[in-house]
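# Topology and contacts: notes
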Amino acid sequence: QVQLVESGGGLVQAGGSLRLSCAASGRTIRTYTMGWFRQPPGKAREFAAAIRWSTDSTYYADSVKGRFTISRDNAKNTVYLQMNSLKPEDTAVYYCAEAPDYYSEKTYYESPTYNSWGQGTQVTVSS
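Overview of the structure. Throughout this document, residue positions are counted from 1 along each chain, in the order its sequence is written. Since the coordinates come from a predicted model, pLDDT governs what is reported: local features require at least 70, and pairs of side-chain atoms require 80 or more to be given and counted, while whole-chain, interface and lining totals use all residues. Only hydrogens and water are set aside when side-chain values are computed; all heavy atoms of the structure are taken into account.

### Regarding the pairing of strand E3 (residues 18–25)
Strand pairing is assigned whenever DSSP identifies at least 2 bridges connecting the two strands. Each helix is a run of DSSP H or I of at least 4 residues and each strand a run of E of at least 2, with the numbering of both proceeding from the N terminus. Here strand E1 (residues 3–7) pairs with E3 via five bridges, running antiparallel. From the neighbouring strand, Glu 6 faces E3, where its bridge partner is Cys 22. Pairing of E3 with strand E8 (residues 78–83), which is carried by six bridges, proceeds in the antiparallel orientation. Residue pairing in the sheet places Ala 23 in a bridge with Thr 78 of E8.

### A short note on the environment of Ala 44
With respect to the helices and strands, Ala 44 occurs in the loop between strand E4 (33–39) and strand E5 (46–51). Here's how the labels work: a residue is buried when its accessible area is under 20% of the maximum for its type, exposed when over 50%, partly exposed in between, all with a 1.4 Å probe on protein chains only. Judged by relative accessible area, which is 56%, Ala 44 ranks as exposed. Only heavy atoms enter the contact rule, under which two residues are in contact if any of them lie within 4.5 Å. With residues up to four places along the chain from it excluded, the contact list for Ala 44 reads Arg 38 and Gln 39.

### Observations regarding the environment of Asn 77
Residue position: Asn 77 is located in the loop between strand E7 (68–73) and E8. Note on Asn 77: relative accessible area 12%, which makes it buried. Measuring from C-alpha to C-alpha, the distance between Asn 77 and Cys 22 comes to 8.5 Å, with 55 residues separating the pair along the chain. Once residues within four sequence positions are removed from consideration, Asn 77 is found in contact with Cys 22, Ala 23, Ala 24, Ser 25, Arg 27, Thr 28, Ile 29 and Arg 30.

### Focus on the pattern of salt bridges
Put simply, a salt bridge is a Lys or Arg side-chain nitrogen that is within 4 Å of an Asp or Glu carboxyl oxygen. For the structure on display, the rule yields six salt bridges. One salt bridge connects Asp 101 with Arg 52, and the closest N-O pair in it is separated by 3.8 Å. Of this pair, Asp 101 sits in the loop between strand E9 (92–99) and strand E10 (116–117) while Arg 52 sits in the loop between E5 and strand E6 (58–60); the two residues are 49 residues apart in sequence, bridging distant segments of the chain. We note that Asp 101, like Arg 52, is buried. Residues participating in the shared-partner salt-bridge network are Arg 38, Glu 46, Arg 67 and Asp 90.

See below:
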């Protein structure tokens, strides 16, 4: 069983940047798809971004496209989410998650596809 630990959250002003990290332990995440989800206050968890091992393809929610970048460092067993031009509506708890790498693209936008989840890190963007 893999353990996922997020870090890098915090308070930032609108227009600022943060980089979230998700460190995995227990086994390699090299052959898995990794995703970032977020849960705004009082709302349901939603997809933000994902990266596939097999194709190195990246997927983004429309709300973050062009501002967020997902990447991975297999040697460090870590996945990142670089978040630029942050907006108050990006305020949420951000979670990283792991999924098998053999599904079709559209399934990676859905949280049930993911088997393992971190505990989350809070991101707050002030206006």
